[in-house]
Amino acid sequence: MHYDVFNGDADGICALIQLRLDQPIESTLITGIKRDIQLLDKVSVNPGDSLTVLDISFEKNSHRVTELLSSGASIFYADHHQSGDIPTHPNLKTLIDTDNAICTSLLINNHLNGKFPLWAVTAAYGDNLNQSAENLASALSIDSPKLETLKNLGIYINYNGYGSSVSDLHFAPDVLYQEMVRYASPFDFISGNYAVFEKLENGYKEDMTNAGNIKPEYESNAVAVFILSDLAWARRVSGVFGNHLANLNPGKAHAVLSYNKDGGFLVSVRAPLSNMVGADDFCSGFATGGGRKSAAGINHLPKDQLSVFIDRFDTFYSAKMA
Ligand SMILES: [Mn+2]
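Every residue gets a number counted from 1 within its own chain, in the order that chain's sequence is written. Predicted model: local features are reported for residues with pLDDT of at least 70 only, side-chain atom pairs are reported and counted for 80 or more only, and whole-chain, interface and lining totals are derived from all residues.

Student: Go over helix α4 (residues 117–126), please, and point to the residues and values.
Tutor: Buried means a residue has 20 or more other C-beta atoms within 10 Å of its own C-beta, exposed means 12 or fewer, and partly exposed covers the counts in between; C-beta atoms are placed from the backbone. Each helix is a run of DSSP H or I of at least 4 residues and each strand a run of E of at least 2, with the numbering of both proceeding from the N terminus. Across the 10 residues of α4, 10 count as buried, placing the element largely inside the fold. Buried within α4 are the following residues: Pro117, Leu118, Trp119, Ala120, Val121, Thr122, Ala123, Ala124, Tyr125 and Gly126. This entry defines residue contacts through backbone-placed C-beta atoms, with two residues in contact when those atoms are within 7 Å. Turning to α4, the residues buried within the fold contact α1 (10–22), α3 (104–111), α5 (130–138), α6 (144–160) and α8 (186–192). One or two residues past the end of α4 sits Asn128, with phi positive at roughly 60°.

Student: Describe the sheet that holds strand β7 (residues 223–227), listing the residues and the values that go with them.
Tutor: DSSP bridges decide pairing: two strands pair if at least two such bridges lie between them. Strand order in this open sheet of 6 strands is β6-β7-β8-β9-β11-β10, and the pairing throughout is mixed. Each edge of the open sheet is held by one strand with a lone partner, namely β6 (218–219) and β10 (289–291). In the sheet, β6 pairs with β7 via 2 bridges, with the strands oriented antiparallel. Bridge assignment links Tyr218 to a residue of β7, and that residue is Val225. Under this scheme, a helix contributes an axis fitted over its contacting stretch, all axes are lines through C-alpha atoms, and angles between N-to-C directions fall in the 0 to 180 degree range. Each of β6, β7, β8 (253–259) and β11 (295–301) touches helix α12 (residues 306–321); the most contacted strand, β7, lies at about 155° to it.

Student: If you had to explain the nonpolar core to someone new, which residues and values would you point to?
Tutor: Nonpolar cores are identified as sets of buried Ala, Val, Leu, Ile, Met, Phe, Trp, Tyr and Cys residues joined via C-beta atoms within 7 Å. Formed by 91 residues in total, the largest nonpolar core has its most connected members in Ile13, Ala15, Ala120, Val121 and Ala124. Boundary definitions for the domains trace back to an automatic or database domain assignment. The two domains that each donate at least three residues to this core are domain 1 (2–203) and domain 2 (214–321). Other than its neighbours up to four places away in sequence, Ala15 contacts Phe6, Leu54, Asp55, Ala78, Thr104, Ser105, Ile108 and Ala123.

Student: Which residues make up the packing of α3 against α4, and what values do they have?
Tutor: Where α3 meets α4, the closest approach of the two axes is 8 Å, and the angle between their N-to-C directions is 160°. In terms of orientation, α3 lies roughly antiparallel with respect to α4. Every pair of crossing elements has a handedness; the one defined by α3 and α4 is left-handed. Contacts between α3 and α4 involve Ser105, Leu106, Ile108 and Asn109 from the former and Pro117, Trp119, Ala120, Ala123 and Ala124 from the latter. All amino acids are sorted into three groups, where Ala, Val, Leu, Ile, Met, Phe, Trp, Tyr, Cys and Pro are nonpolar, Asp, Glu, Lys and Arg are charged, and the leftover types, Gly among them, are polar. Within the contact of α3 with α4, the residues separate by chemical class into 7 nonpolar, 2 polar and no charged. The labels follow the angle: roughly parallel below 35 degrees, roughly antiparallel above 145, roughly perpendicular from 65 to 115, and oblique for the rest. Each crossing is labelled by how the near helix is turned from the far one, with a counterclockwise turn of less than a right angle marking it left-handed and a clockwise turn marking it right-handed.

Student: Please provide a residue-by-residue account of the packing of α6 against helix α10 (residues 232–248), values included.
Tutor: At a minimum axis separation of 8 Å, α6 and α10 run at an interaxial angle of 135°. The orientation of α6 relative to α10 falls into the category oblique. The hand of the α6/α10 crossing is right-handed. Where α6 approaches α10, its residues Ile155, Asn158 and Tyr159 are matched on the opposing element by Arg236, Val237, Gly239 and Val240. Each residue belonging to the contact of α6 with α10 can be placed in one class, and the counts come to 4 nonpolar, 2 polar and 1 charged.

Student: Pulling in residues and values, what's your account of unusual backbone geometry?
Tutor: A positive phi angle, near 50°, is found at Asn113, a position not held by glycine. Along the polypeptide, Asn113 turns up in the loop between α3 and α4. One non-glycine residue, Ser141, lies in positive phi territory at about 45°. On the secondary structure map, Ser141 appears in the loop between α5 and α6.

Student: Any details on the sheet that holds strand β5 (residues 92–96)? Residues and values, ideally.
Tutor: The strand order across the open sheet built from 5 strands is β2-β1-β3-β4-β5, with neighbouring strands paired in parallel fashion. The open sheet has two edge strands, β2 (28–30) and β5, and neither has a second partner. Across the sheet, the axes of successive neighbouring strands diverge by a mean angle of 10°, strand direction being ignored. By the bridge criterion, 5 bridges tie strand β4 (residues 74–79) to β5 in an arrangement that is parallel. Bridging from a neighbouring strand, Phe76 pairs with Lys93 of β5. Each of β1 (2–6), β3 (50–54) and β4 is contacted by α1, which is oriented at about 145° to β1, the strand it contacts most. Along the sheet face, α3 touches β3, β4 and β5 and points at about 115° away from the line of β4.

Student: Go over the domain arrangement of the protein chain with me, naming the residues and quoting the values.
Tutor: Partitioning the protein chain into domains gives domain 1 (2–203) and domain 2 (214–321). A C-alpha centroid distance of 24 Å is found between domain 1 and domain 2. Counting residues at the interface gives 16 residues for domain 1, matched by 21 residues for domain 2. If one sorts the elements of the side of domain 1 that touches domain 2 by residue count, α6 sits on top with 3 residues. A breakdown of the residues in the side of domain 1 that touches domain 2 according to their chemical character gives 4 nonpolar, 8 polar and 4 charged.

Here it is in structure tokens:
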């Protein structure tokens, strides 16, 4: 049995699309909302089983990797989040790079010698790595309207992964993957499966219009903090709204808080685009925090820690400005 384990965002989905276009195999799909990164907990293996693991932190899954390896599975692991120590094992192959300009789909694009680069461009836009997306696209001579289309698609797929449960999403990530993997390029997907694209686009636009009416809870020279209401649209839009704010105000760090099922806040943090550092370190200071240097989050911030969070956030990024 083969298991394809992938993050439910644009990067995870587009990484797997590239691999399965290159090498179609029967597999069991394991994924979830973007925040659900403990995906290896959902897999149980027999000796000889194999896994492809994409776009979830190795550090957060390393315990389970060790267990799966000792059960006799072999693993190919590609990612760009915090890795921690990577063990050496004859059945473990890793492709891990935590560079700010890299995402998993770009790693897979290199791994496949650029076989399906348009899916990697889409994913890089989805991870808000606009410069990396444009660098790759410039080698492919894509005109700017087409590039804009890939950018929008990346944003929409990424947007679809947010929410506090799969039921908040327009498409379960495994369903969306299956809708897209039939197409060698994102342009073929958009023209061949327009209803899916349109549902993502309309959902995104409607949710962003709602989000645009929200005033910041707190704002300083260094940071801005927004709190979204406890509705499905708000849970869906939380991450892409953060990217949108980061692009509008590149000198500031942003936090977007939405309510989670445990009576606290789900927090998305974006480092300033002009200085993409510290989001992972800052969020790791909270019990359920983690992520990347430029984009990180906290899964559960108890409500009574809101003012502590705002103080620490402002202090942390004010110090980075000095
Ligand atoms: Mn990613």
